[in-house]
Amino acid sequence: MVFSGLTFLFLFLPVTLILYYIVPFRFKNAVLMVMSLIFYAWGEPIYVLLMIYSIVMNYAVGLMMDRESDHKKSILVFGIVLNLFILGFFKYFGFLVDNLNSLFGLNIHAKKLALPVGISFYTFQALSYIIDVYRGKVKSQKNIVNFATYITMFPQLIAGPIVRYGDICKEFDKRFITLYSFGRGALRFVFGLAKKVLLANLLGEMFEEIAAYGSGVSTVTAWLGAICYTLQIYFDFSGYSDMAIGLGRMMGFTICENFNYPYVSKTVTEFWRRWHMSLSGWFKEYVYIPLGGNRVSALKHVRNILIVWLLTGLWHGAAWNFVVWGLYYAALLLLEKYVTSKFKLPGWLTYIFTIVLVIIGWVIFSADSLGAAGVTVASMFGFAANGFVDKVGVYYLLTGGILIVIGVFFSMPVVGTIQKKLKKSMAGCTFLYIFAMALFVCCVIYLVTGNYNPFLYFRF
Amino acid sequence: MKKIVAIEALLVALLVGVMFLLLSGANVRENVTAEEVEAASAQFVASETFSAKVGTELNAKRYMGLNVADYSAYVYYVATQGMDVHEFLWVDAGSEEGAEEVLAVMNERLTSQMEAFDEGYGPEQMALLEKACVFSMGRYAIYIVSEDSEAWKSAITDVLEE
């Protein structure tokens, strides 16, 4: 089930909210847990077993660490190994076998396993819990319903944000559910839905059409395709995060922000402080800093950056283009740290450099293979099969140019500033709610008539 | 310490059990024949609501864009009239990778059919196409457009599973 589906919008969500609001507070977590399991089982009836196991195992590990403080470390290691084994097996086993087969000419047959949706997200949440319990940052959760609610909470279950246990644990026992927070949450949800349905889907359709031309495109067409994907992935993922944050708020939870207008960044470092903040924060807290962060020798710092970005790439998927994408960012961050930071360049120039590098990054990320990514990047920089501009490029410029301009506008902070100003007055709020209702109607019309509705981050 | 080891052993055993359940379920048979698929499909083909005939290699090439002669076995039923969308194709592609390729072709067929009957041009056909089941299981790829798509899929799945 996806948030931008009619089943979710007109069946699952209303039923869940009604049940959630009519039961007394002490049963709200249980209602949320049961509905979240139904939400997950809707698309993953078999893999819900794996999730239930993950809940039981991590709950037990947390309790054991609390009670057996002398053996905390070995229990933590046990928990980490089991979590990583599950993630590794279901996500990377096929990739590993394929590479072993091609490297050594073997013929190992591995059963193709469907990737359990959201496994990377909920495993990282579980890991943050057991590590924080080990560090003494949080107490272990004694109530298994509360813990299961943390792991399964449907708003952020399958595409994040990755909520750290310490950020949300108090809300399992006490949270404020008001009409005001419900309204603000609903507003956020609808804006997220509109980002996904009205922008990401349309940009995605354009990108798919351009991608279908393969390598036989012009420089202009290659750029158009890359820009479409750059905007699509932002509106798709940030739209989903907005919906998750909005749904959480409607139920009294404060889910962390995940995006902060990443495409205005003037450095790659800044970009990663603004893009998928919950993931970069997770890696910083649980991998980068434990390795020594940047308070080590330059050589060790390079090692730390390489490890973190190799893992970040692999987290996104079991394919070589994700590995290269991760290492590409490692190289850029190291270049920034040790070379380009020494030069003082004008802001507009660093902005252009950054956005071009980010767009190239998305080409690597979205390509079917490294070869295809190389061809697209070459096309973007003048080595195109169809010259500088072709009919396809002109067609998409004329028909999709406006959509790209709208996309660029809505990816800028000015949108947030306008919203904030409007929220300050009664008339502004009324306008926002009417605007949201109109957007919701437009989304429903699109969903009833349109076919293209994928979520890019579901496969991670 | 013994208590911890016992709980950890229990958790490992539980994981083994869960993985066994997940991995042992729904293994796909390697030697399914066209006759078995035809037998499982008989009641759906005979249904009054399914207006299709046995499709030839040429039909499959023309409508589905697939050279079925390249595959070891196939079963194909194609609509009797041009404005009809009833269709069934089962292909033994020989490998999971092959089945994925055939599946991509089948998805293209479904998309092009939907585009042909979209925007109110063929509401009945669109309703049928929206019920379509297009999927792969192991080395087999299946395309079903019928009033009984779900039931037909279930019957075929029963044949393909061990």
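Residues numbered from 1 in each chain as written. Chains lettered and ligands numbered in written order. Predicted model: local features only at pLDDT ≥ 70, side-chain atom pairs only at ≥ 80, totals over all residues.

1. What to know about the overall build of chain A
Scanning chain A for helices and strands turns up 20 helices and zero strands. Whereas a compact globule of 460 residues would reach a radius of gyration of roughly 23 Å, chain A reaches 23 Å, a difference of no more than 12%. Judged by the C-alpha coordinates and their principal axes, chain A covers about 65 × 60 × 50 Å. Taking all 460 residues of chain A together, the buried fraction comes to 40%. Within chain A, contacts between residues separated by at least 24 positions form 75% of all contacts whose residues are at least 6 apart in sequence. (Helix = DSSP H or I, 4+ residues; strand = E, 2+ residues; numbered from the N terminus. Rg over C-alpha atoms; globule rule 2.2 N^0.38 Å. Buried ≥ 20, exposed ≤ 12 C-beta atoms within 10 Å, placed from the backbone. Contact = placed C-beta atoms within 7 Å.)

2. What to know about the interface of chain A and chain B
Listed as interface residues are 15 residues of chain A and, on the opposing side, 14 residues of chain B. Every element with two or more residues in the side of chain A that touches chain B is listed here: helix H3 (48-67) and helix H4 (72-104) of chain A. For the side of chain A that touches chain B, the class distribution of residues is ten nonpolar, two polar and three charged. (Nonpolar A, V, L, I, M, F, W, Y, C, P; charged D, E, K, R; others polar.)

3. Some remarks on helix H11 (residues 219-250) of chain A
All names here are of chain A. Between its first and last C-alpha atoms H11 spans 46 Å; for 32 residues at 1.5 Å apiece the expected length is 46 Å, and the two agree. Burial runs high along H11: 32 of the 32 residues are buried. Of the residues trailing H11, Gly252 is marked for its positive phi of about 90°. (Expected span 1.5 Å × (residues − 1).)

4. Details of the pairing of strand S4 (residues 133-137) of chain B
Residue and element names in this part refer to chain B. Pairing of S4 with strand S5 (residues 140-145), which is carried by five bridges, proceeds in the antiparallel orientation. Paired with Met137 across the bridge in S5 is Tyr140. Between S4 and S5, which follow one another and run antiparallel, lie two residues, and Gly138 among them has a positive phi close to 55°. (Pairing = 2+ DSSP bridges.)

5. A short note on the domain arrangement of chain A
Interface extent is often summarised as the accessible area lost during association of the parts. All names here are of chain A. Splitting chain A by domain gives domain 1 (6-175) and domain 2 (181-459). Listed by partner, the interface residues are 27 residues for domain 1 and 25 residues for domain 2. Counting residues per element, the ones that place at least two in the side of domain 1 that touches domain 2 are helix H1 (6-22), H4, helix H5 (119-135), helix H7 (154-157) and helix H8 (165-168). When residues of the side of domain 1 that touches domain 2 are assigned to their parent elements, the largest contribution, five residues, is made by H5. Of the residues contributing to the side of domain 1 that touches domain 2, the split by class is 18 nonpolar, five polar and four charged. (Domains from an automatic or database assignment.)

6. Notes on the confidence of the model for chain B
The predicted coordinates of low-pLDDT regions are not to be read in fine detail. Here chain B averages 85 in pLDDT, and 96% of its residues register 70 or above. Model confidence for the complex: the whole-complex pTM is 0.78, and ipTM, which rates the interface, is 0.72. (pLDDT = per-residue confidence, 0-100.)

7. Thoughts on the sheet that holds S4 of chain B
All names here are of chain B. Read from one edge to the other, the open sheet built from five strands follows the order S1-S2-S3-S5-S4, with strand pairing classed as antiparallel. This sheet does not close on itself; its edge strands, each paired only once, are strand S1 (52-54) and S4. Going from strand to strand, the sheet's axes swing by 15° on average, the running direction of each strand aside. Relative to strand S2 (residues 73-79), S1 is paired through three bridges, and the arrangement is antiparallel. Bridging across to S2, Val54 finds its partner in Tyr77. (Axes fitted to C-alpha atoms, helices over the stretch in contact; angles between N-to-C directions.)

8. Here we look at the packing of helix H10 (residues 179-211) of chain A against helix H18 (residues 391-410) of chain A
All names here are of chain A. Axis separation between H10 and H18 bottoms out at 11 Å; the angle between their running directions is 140°. In terms of their interaxial angle, H10 and H18 are classed as oblique. Seen from above, H10 lies across H18 with left-handed handedness. For the pair H10 and H18, the contacting residues are Leu199, Leu202, Leu203, Met206 and Ile210 in the first and Tyr396, Gly400, Leu403, Gly407 and Phe410 in the second. When grouped by side-chain class, the residues that make up the contact of H10 with H18 number eight nonpolar, two polar and no charged. (Parallel < 35°, antiparallel > 145°, perpendicular 65-115°, else oblique. Left-handed = near helix turned anticlockwise from the far one by under 90°.)

9. Quick look at the packing of helix H19 (residues 414-423) of chain A against helix H20 (residues 426-449) of chain A
All names here are of chain A. Running from N to C, H19 and H20 point in directions that differ by 125°, and their axes come no closer than 6 Å. Looking at the two axes, H19 sits oblique to H20. Counted together, Lys421, Leu422 and Lys423 of H19 and Gly428, Cys429, Phe431 and Leu432 of H20 form the full contact between these two elements. Looking at the contact of H19 with H20 residue by residue, the class counts come to four nonpolar, one polar and two charged.

10. A short note on the pairing of S5 of chain B
All names here are of chain B. Counted residue by residue, S5 has six buried out of six residues, so it is predominantly covered. Judged by which residues are buried, S5 turns out to be covered on both faces: Tyr140, Ile142 and Ile144 on one side and Ala141, Tyr143 and Val145 on the other are all buried. The sheet contact formed by strand S3 (residues 87-92) and S5 spans six bridges and is antiparallel. In the strand pairing of S5, Val91 is matched with Ala141.

11. Section: the nonpolar core
Judged by nonpolar contacts, the single largest core of 115 residues is most densely connected at Ile130, Leu193, Leu203, Ala226 and Cys228 of chain A. Looking at this core, the element that brings in the most residues is H11 of chain A, giving 19 residues. Both domains that meet at this core, namely domain 1 (6-175) and domain 2 (181-459) of chain A, each give it at least three residues. With sequence-adjacent residues up to four places away left out, Ala226 of chain A is seen in contact with Ile359, Trp362, Val363, Thr376 and Met380 of chain A. Counting 37 residues, the second largest nonpolar core, distinct from the first, contains Val85, Leu89, Val102 and Trp152 of chain B. (Core = buried A, V, L, I, M, F, W, Y, C linked by C-beta atoms within 7 Å.)

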